[in-house]
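Here is what each chain is made of, one letter per residue.
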Amino acid sequence: MLKKLLFLSCLSLIPIFGFSQSTDFAVSAGGVFSPNSLGPAVACPNPPAPGGPVGEPVLCPVTAAKSGFALEGDLAHRLFNAHLASLHFELPVVGIPKRTASGEGFSSVYFTPGLRLRLSLPLISPFVSVGGGFAHFSTSVSSSNLNASRTTGAFDFGGGVDVSTPIPLIGLRGEVRDFYTGVTGFSNTQHNVFVGAGIVLKF
């Protein structure tokens, strides 16, 4: 009787482990930097001459955005499985609590739903991903040079690798993503590169 119960219990776990291969959630930490963050020219007031009228507005540069700490959450579900390769729909969200440009601190959030192509190899699973969505930038202090907040379109592409662990439902991940946003109003941070590592939970 005990053997039958153990056998039935093992059978009941098969659907769970089968489903675990189709959905995963990753939490990663790392940093974001902008290799081509060359500030665009913005209008700023020209100091008036002594006793004279206020000068015409001139163009002042916005300085490059500095790197910042970032956190990512990424939920993905498998759409197609060819054993060696599989296609997944993913919902990555990357948040940066604070970066600095032109002396102003600002936060940013990137949300770019997309597709991930993954290879299943022994112990490791390399992948590439691409997606599109939006990026939101905000600062708590408005100034003459920076907008208080702005939302713009974002395109994301990147890749990484998942590494298996002795625990079947837990893995490790390292990845690089490039969020292309164009001129943001805070700085011309067209390429916002996220480099991070974390854990993967499989459901």
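The text that follows walks through the structure, step by step, so that each part is easy to find. (Residues numbered from 1 in each chain as written. Predicted model: local features only at pLDDT ≥ 70, side-chain atom pairs only at ≥ 80, totals over all residues. Heavy atoms only, no water.)

What follows covers the overall build of the protein chain. Counting secondary structure elements, the protein chain contains 1 helix and 11 strands. Reading the secondary structure of the protein chain in the N-to-C direction produces α-β-β-β-β-β-β-β-β-β-β-β. Taking all 203 residues of the protein chain together, the buried fraction comes to 34%. Across the protein chain, contacts joining residues at least 24 apart in sequence account for 61% of those joining residues at least 6 apart. Summed over its atoms, the accessible surface of the protein chain is roughly 10,900 Å², and 73% of this surface lies on carbon and sulfur atoms. (Helix = DSSP H or I, 4+ residues; strand = E, 2+ residues; numbered from the N terminus. Buried < 20%, exposed > 50% of the residue type's maximum accessible area, 1.4 Å probe, protein only. Contact = heavy atoms within 4.5 Å. Areas by Shrake-Rupley, 256 points an atom, 1.4 Å probe, with all protein chains shown as cover.)

On to the nonpolar core, then. In terms of nonpolar packing, the biggest core is built from 13 residues, with A70, V94, I96, Y110 and F194 touching the most fellow members. Where this core is concerned, the elements lending two or more residues are β5 (85–101), β6 (104–111) and β8 (124–138). Discounting residues that sit within four places of it in the chain, V94 has contacts with A70, L71, E72, S108, V109, Y110, F179 and F194. (Core = buried A, V, L, I, M, F, W, Y, C linked by side-chain atoms within 4.5 Å.)

Quick look at the packing of aromatic side chains now. Summed over all chains, the structure comprises 5 aromatic pairs. Ring geometry for Y110 against F137: centres 5.9 Å apart, planes inclined by 90°, an arrangement best described as edge-to-face. One end of the pair, Y110, is in strand β6; the other, F137, is in strand β8, with 27 residues separating them in the sequence. The burial state of Y110 is the same as that of F137; both residues are buried. The side chain of R116 reaches across the aromatic face of F127, ending 5.2 Å from its centre. (Phe/Tyr/Trp six-rings, centres within 6.5 Å; stacked < 30°, edge-to-face > 60°. Lys NZ or Arg CZ within 6 Å of the ring centre and 35° of its normal.)

Once that is clear, we can look at unusual backbone geometry. Even without glycine at this site, H83 takes up a positive phi of about 70°. Along the polypeptide, H83 turns up in the loop between β4 (68–81) and β5. For H83, a relative accessible area of 68% corresponds to the exposed category. Positioned with a positive phi, L123 is a non-glycine residue whose angle comes to about 75°. Looking at where L123 falls in the secondary structure, it is placed in the loop between β7 (114–119) and β8. Among the residues examined, L123 registers a relative accessible area of 63% and is labelled exposed.

As a further point, take the environment of L91. Counting through the fold element by element, L91 comes out in strand β5. A relative accessible area of 29% means that L91 is categorised as partly exposed. Between the C-alpha atoms of L91 and L115, which are 24 residues apart in sequence, the distance is 8.8 Å. Look past the residues within four positions of L91 in its chain and what remains in contact with it is G73, D74, L75, F111 and P113.

Further remarks concern the pattern of salt bridges. Taken as a whole and judged by the stated rule, the model has 11 salt bridges. With its nearest N and O atoms 3.5 Å apart, the salt bridge here joins D24 to R116. Of this pair, D24 sits in strand β1 (residues 23–33) while R116 sits in strand β7; the two residues are 92 residues apart in sequence, bridging distant segments of the chain. For the pair shown, D24 and R116 are each scored as buried. Close ionic contact of D74 with R116 constitutes a salt bridge, the shortest N to O distance being 3.0 Å. With a gap of 42 residues between them, D74 in strand β4 and R116 in strand β7 connect regions that are remote in the sequence. Here D74 falls in the buried class, since its relative accessible area comes to 0%. For R116, a relative accessible area of 0% gives the class buried. (Salt bridge = Lys/Arg side-chain N within 4 Å of Asp/Glu carboxyl O.)

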